[in-house]
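# Summary of the model geometry
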Amino acid sequence: MDKLAIIGGRPLYGEIPISGAKNSALKVMAASLLCEEALTLTNVPRLADVDMLLRLLEQHGVEAMFEGSTLSLTAGTITSTEAPYDLVRKMRASFNVLGPLLAREGKAKVSLPGGCAIGARPVDLHLKALEAMGAKIELDEGYVFAEAPGGLKGAVVSLPFVSVGATEHTMLAAVLAKGATTIENAAREPEITDLANCLNAMGAKVSNAGQATITIEGVDRLHGASHAVLPDRIETGAYVMAVGATGGELTLTGTDASLLGAALPVLEEAGLIIENGENMLRVKQPRERCKAVNIVTQPFPGFPTDLQAQFMALMTTADGVSTIKETIFENRFMHAPELSRMGAKISVDGQTATVRGVERLKGAPVMATDLRASMSLVIAGLCAEGQTMVNRVYHLDRGFERLEEKLQNCGALIERVKD
Ligand code: EPZ
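All of the points below concern the structure found in this document. Worth saying up front: this structure is predicted, and the values here are computed from it rather than measured.

It is worth spelling out unusual backbone geometry at this point. For the peptide bond that leads from Phe300 to Pro301, omega is 10°, which places it in the cis range. Following the sequence through the fold, Pro301 ends up in the loop between β18 (295–296) and α10 (308–315). Of note, the phi angle at Asn185 is positive, near 60°, even though the residue is not glycine. Examined against the element boundaries, Asn185 turns out to sit in the loop between β11 (180–184) and α7 (190–201). Even without glycine at this site, Asn279 takes up a positive phi of about 60°. Along the polypeptide, Asn279 turns up in the loop between β16 (273–277) and β17 (280–285).

Applying the stated criterion across every chain yields a total of 17 salt bridges. One salt bridge in this structure joins Arg416 and Asp2, with 3.2 Å as the shortest N-O distance. Of this pair, Arg416 sits in strand β24 (residues 413–417) while Asp2 sits in the segment before β1 (3–7); the two residues are 414 residues apart in sequence, bridging distant segments of the chain. In this structure Arg416 comes out as partly exposed when scored by relative accessible area, which is 24%. Salt-bridge contacts for Glu37 lead to Arg221; the nearest nitrogen and oxygen are separated by 3.1 Å. Highlighted residues: Glu37 in the loop between α1 (22–31) and β3 (38–42) and Arg221 in the loop between β13 (213–217) and β14 (225–228), separated in sequence by 184 residues. On the accessibility criterion, Glu37 (34% relative accessible area) is partly exposed. The structure contains a network of salt bridges with shared partners spanning Asp2, Asp397, Glu404, Arg416 and Lys418.

Okay, empty space enclosed by the protein next. Tallied over the entire structure, the rule returns two cavities of 30 Å³ or more. There is about 40 Å³ of room inside the largest cavity. Forming the boundary of the largest cavity are Thr305, Gln308, Ala309, Arg332, His335, Asp370, Arg372 and Ala373. Along the lines of polarity and charge, the residues of the lining of the largest cavity split into two nonpolar, three polar and three charged. Space inside the second largest cavity adds up to approximately 30 Å³.

Reading guide: rules and limits
- Residues numbered from 1 in each chain as written.
- Predicted model: local features only at pLDDT ≥ 70, side-chain atom pairs only at ≥ 80, totals over all residues.
- Heavy atoms only, no water.
- Helix = DSSP H or I, 4+ residues; strand = E, 2+ residues; numbered from the N terminus.
- Salt bridge = Lys/Arg side-chain N within 4 Å of Asp/Glu carboxyl O.
- Buried < 20%, exposed > 50% of the residue type's maximum accessible area, 1.4 Å probe, protein only.
- 1 Å grid on protein atoms, 1.4 Å probe; cavity = no way out; pocket = protein on both sides within 12 Å on 5 of 7 lines; lining within 4 Å.
- Points joined across faces, edges and corners; volume = space filled by probe spheres on them.
- Nonpolar A, V, L, I, M, F, W, Y, C, P; charged D, E, K, R; others polar.

If you want it as structure tokens, here you go:
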């Protein structure tokens, strides 16, 4: 398994192009199953998760062509309505093929995704939404067997709590349902709006995406379209935090500070200077150390859970004590003991971590069990004294495009070590 060797202590200076958002690309790719014509996506990041979903889509009969960051997907004929365990278990977003297959073909057999390192992550809300739209669902031998022979029907889907995946899955199914669907208590993440924009470009009628109540007027068919995937706000936030930890000044291109939601004022309060420009932002860290700030993760526009681990890395060397409360996933502090191995002072009590900033971290061999936790260790490694060896780089390859190259171009001493 590849590792990343980092020699810390160098400020970052330069320019980093931000890639398209992984968590948006995966959903708009699933939308290609909804029509016979080509869906051309631009700004698609080349990531292991994108490749994984491509394999699944090809297995359903989708013809794919990837050139640079442009991906063309044509689902002329659906050759299989089954999504096997091996392809779904490795990446939960694969489960989102269920709704489109059901909407277009009237049936689907999709493996249940199972739990993952950050929490149990059930899919009950996804299934309830499809049932509300008239699907007959049975669970057997780890698979969801779904049928809607007469087609799906519009319904009121009222989510008991905000779920990004359930909101997206309902949208992906409702666009071809008969009649109108209303999603109440919908997620408002920018990726939801991006999916709605893509579906609308294909001829769907989705209104009010980005607000708490989304309405979808079903249409008979969708057509081919082109869509540019929105910039990755988590990659953006991670590089902003890297500057916070190391010092220096970065220009991030192809992105926008407004995508950071509540993370923006928090980072400014921590002492970072962030200037928003047209399709770019500039960030600098004028102080020796950041100021400690408390955060609570929340659905958008709150502080994103996907930046919590990176923020904790930033707070390990902040001036003061910060508390970090995770409210979205029940097991998302696995980076804390690894950061402690580098000299961080962190205590975890239930869903709250208390971080007492230290002057300096010390490099160490570390390992993380998920994508964002791995990025937090990279940030810690970049500011620590000496060498940090980050194990299990495959987590990073799932979600951060050309990570070492982007950081090397800005003066970081970081290298991939092949095993
Ligand atoms: C998406 O996961 C993202 N993944 C996650 O990013 C992100 O952390 C999360 O949204 C929250 O922003 C993708 O987009 C591929 P949820 P999702 O449904 O849709 C519970 C990353 O690092 N829940 O909003 O799965 C669930 O267990 C990843 O890129 C149910 O109980 O998140 C969680 O506690 C990790 N039943 C909460 O809701 C359900 O049916 C919110 O999850 C669905 C969810």
